[in-house]
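# Structure at a glance
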Amino acid sequence: MIPATFEYVRAKSVREAVSLLQQHGGRAKLLAGGHSLLPLMKLRLSQPEVLIDLGPVEELRGVREEGSSVVIGAMTTHDELASSPLVRERVPLLAECAAQIGDVQVRNRGTLGGSLAHADPAADYPAAVLVLDAQMECEGPAGARTVPVSQWFVDMLTTALRPDEVLCRVRVPAQTRGQGWSYTKLPHPASGYSLLGVACLLSVDGGTVREARVAITGVGPKALRLPKVEQALAGKPADEASFAEAAKLASDGLDATDDLYASAEYKRHLAAVYTKRGLLRALERVRQ
Ligand SMILES: Cc1cc2nc3c(=O)[nH]c(=O)nc-3n(C[C@H](O)[C@H](O)[C@H](O)COP(=O)(O)OP(=O)(O)OC[C@H]3O[C@@H](n4cnc5c(N)ncnc54)[C@H](O)[C@@H]3O)c2cc1C
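From a predicted model like this one, the values you see are computed outputs, not experimental measurements. (Residues numbered from 1 in each chain as written. Predicted model: local features only at pLDDT ≥ 70, side-chain atom pairs only at ≥ 80, totals over all residues. Heavy atoms only, no water.)

With that settled, consider the nonpolar core. Judged by nonpolar contacts, the single largest core of 39 residues is most densely connected at Leu-93, Leu-94, Leu-116, Tyr-125, Met-136 and Trp-152. Three or more residues apiece are contributed to this core by two domains, here domain 2 (61-173) and domain 3 (180-286). Excluding anything up to four places from it in sequence, Tyr-125 contacts His-78, Leu-81, Leu-94, Cys-97, Ala-98, Ile-101, Thr-111, Leu-112, Ser-115 and Leu-116. Ala-238, Leu-254, Leu-270 and Tyr-274 belong to the second-largest nonpolar core, a separate cluster that totals 25 residues. (Core = buried A, V, L, I, M, F, W, Y, C linked by side-chain atoms within 4.5 Å. Buried < 20%, exposed > 50% of the residue type's maximum accessible area, 1.4 Å probe, protein only. Domains from an automatic or database assignment. Contact = heavy atoms within 4.5 Å.)

This brings us to helix H10 (residues 240-247). Residues of H10 that are buried include every one of Ser-242, Phe-243, Ala-246 and Ala-247, and no others. All buried residues of H10 fall inside an arc of 130° around its axis, so they share one side. (Helix = DSSP H or I, 4+ residues; strand = E, 2+ residues; numbered from the N terminus. Arc of directions from axis to C-beta.)

Bringing the pairing of strand E5 (residues 69-73) into the picture now. Counting buried positions over the five residues of E5 gives five, a clear majority of the element. Pairing between strand E4 (residues 63-66) and E5: four bridges, direction antiparallel. The residue of E5 that forms the bridge with Arg-64 is Val-71. As consecutive antiparallel partners, E4 and E5 are separated by two residues, and within that stretch Gly-67 has a phi angle of approximately 60°, a positive value. Two elements, E5 and strand E10 (residues 166-173), share five bridges in a ladder whose sense is antiparallel. Counterpart to Ser-69 in the pairing with E10 is Pro-173. (Pairing = 2+ DSSP bridges.)

In this description, an aromatic ring pair is defined by two values, namely the gap between the centres and the angle between the planes. Tallied over the entire structure, the rule returns zero aromatic pairs. The positively charged end of Arg-277 is found above the aromatic ring belonging to Tyr-274, 4.7 Å away from the centroid. The aromatic ring of Trp-181 is capped on one face by Arg-285, whose charged end is 3.6 Å from the ring centroid. (Phe/Tyr/Trp six-rings, centres within 6.5 Å; stacked < 30°, edge-to-face > 60°. Lys NZ or Arg CZ within 6 Å of the ring centre and 35° of its normal.)

Without other data, these values stay purely geometric and don't point to any function.
Here you go:
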């Protein structure tokens, strides 16, 4: 459980971090909260020769409102997100998701940017940012670029981020008034990671579903939206019977994988259960 030897440098700006990444090529890794990277290094599954600590980079911190979006610095911790009055007011789905990550220690160190760059298949944020239609703002040697979340998650532990880029901010459209929302997960009893997590955003007009967005994490190599469920809900009555019917489609074509904790078959079953549960919870909030 002791990592291989590495050199440690502290970047003071995004520009410096990008230039250090370039200088060291594939031998360097960025360090945020360290709660995914350091365990991998201790297991020697990752052996970077240089760690570039983003801790001192002030421009990667903080949460602010810009027009109809909330802009969140990549180094914002899970706890800062869960307790931010702005996030709780404007993107409560994200605050609810952050509050369910790991334990107090993990939430105090782990960051939004680290989690989204790492793209663990059992991470919670991916489902939430998918239904929220977030934008990932990155910076690399060629300058800044924005990646829509629909193109961000490529495969297990793989995103659209280039090796010499830093994820700087996540731009999240604020939820609209009257929209229902929920993040519902089945946590692993030891780590808290999601055996499965479902994020829902629900817009209802006069008792009819106008738009439903549903995404799932934990079941396969990467989080994904559930378009069949979403389409089945549009125009249907916002009630338990419609939700139960639509939720049956959650496992349709789902790339569920067996792992140490649950079989693919059990995960497909849970997908329908948690989708219905998440939709009902979102509906309660439409009516609040
Ligand atoms: C016991 C335990 C329980 C946990 N439970 C949960 C849980 O319930 N749900 C959940 O979602 N997660 C859980 N996690 C993971 C935790 O949320 C991590 O904090 C998160 O996955 C990674 O964030 P980090 O800031 O620690 O990143 P790090 O570990 O520092 O980095 C992770 C990866 O991202 C890269 N990286 C980091 N920041 C950037 C950036 N700004 N730009 C580009 N690349 C970057 C690093 O180079 C590295 O490859 C748990 C972790 C532990 C140890």
